[in-house]
Amino acid sequence: MAYTAETFREFWADPHNAAPSEDIHDDVVGYWPGSDEPVRGRDEYVGKLHELLSRVPDLTLSPQESADDGEHIFIRWIAHATNADGERIEQEGVDRIKVQDGKVIENRIFFDRAQFERKLGRSLEL
């Protein structure tokens, strides 16, 4: 089964109960805002997701639009989370996902990390 925008939607609707490793290529490369170096390999990529979810436990992403050219999937999303004051916040972003053999081989994540951290009231330190 190939990775699709629907796969993304299903994962981010309930990320704590999803298992992303089946959809991630062994040689995946992930580019995260604020990181000097990309994450490389499935274990490091999935570890980064788990680290994010441990820092923002109620984080979900709601896809708003997507486009797929057969090799790349572009997804504009809105993140939802609770800040340090217990208020719900939102942050927009985009993922550009490259798929090879039905699995994510590269993911470039775009969002204003500093703005998101200000809204959260804490650093992500990813």
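Structure first, text after, so check above.
Just so you know, these numbers come straight off a predicted model, no measurement behind them.

Caption draft 1: The overall build of the chain, seen in detail. Scanning the chain for helices and strands turns up 3 helices and 6 strands. Put simply, the chain runs from its N terminus to its C terminus through helices and strands in the order α-β-β-α-β-β-β-β-α. Taking 2.2 N^0.38 as the reference for a compact globule, 126 residues should give roughly 14 Å; the C-alpha atoms of the chain span a radius of gyration of 14 Å, in line with that estimate. Counting only C-alpha atoms and orienting by the principal axes, one finds that the chain spans roughly 45 × 30 × 25 Å. Going through the 126 residues of the chain one by one, you find that 44% of them count as buried. Pairs at least 24 residues apart make up 47% of the contacts formed inside the chain by residues separated by at least 6 positions. As displayed, the chain has an accessible area near 6,900 Å², and 45% of this comes from carbon and sulfur atoms. Each charge sign in the chain was given a centre, from 15 positive and 27 negative side chains, and these centres are 3 Å apart.

Caption draft 2: Layout of the packing of aromatic side chains. In the structure shown here, the tally under the stated rule is 4 aromatic pairs. When the ring of Phe 11 is compared with that of Trp 12, the centres are 5.0 Å apart and the planes differ by 90°; the resulting orientation is edge-to-face. In this structure, Phe 11 and Trp 12 share a single accessibility class: buried. Ring centres of Phe 111 and Phe 116 lie 5.9 Å apart, and the angle between their planes is 90°; this geometry places the pair in the edge-to-face category. One aromatic cluster is present, built from ring pairs that chain together Trp 77, Phe 111 and Phe 116. In this structure, Arg 108 packs its charged tip against the face of Tyr 31, placed 3.9 Å from the ring centre.

Cut-offs and rules
Residues numbered from 1 in each chain as written. Predicted model: local features only at pLDDT ≥ 70, side-chain atom pairs only at ≥ 80, totals over all residues. Heavy atoms only, no water. Helix = DSSP H or I, 4+ residues; strand = E, 2+ residues; numbered from the N terminus. Rg over C-alpha atoms; globule rule 2.2 N^0.38 Å. Buried < 20%, exposed > 50% of the residue type's maximum accessible area, 1.4 Å probe, protein only. Contact = heavy atoms within 4.5 Å. Areas by Shrake-Rupley, 256 points an atom, 1.4 Å probe, with all protein chains shown as cover. Lys, Arg positive; Asp, Glu negative; His and termini not counted. Charge placed at Lys NZ, Arg CZ, Asp CG, Glu CD. Phe/Tyr/Trp six-rings, centres within 6.5 Å; stacked < 30°, edge-to-face > 60°. Lys NZ or Arg CZ within 6 Å of the ring centre and 35° of its normal.

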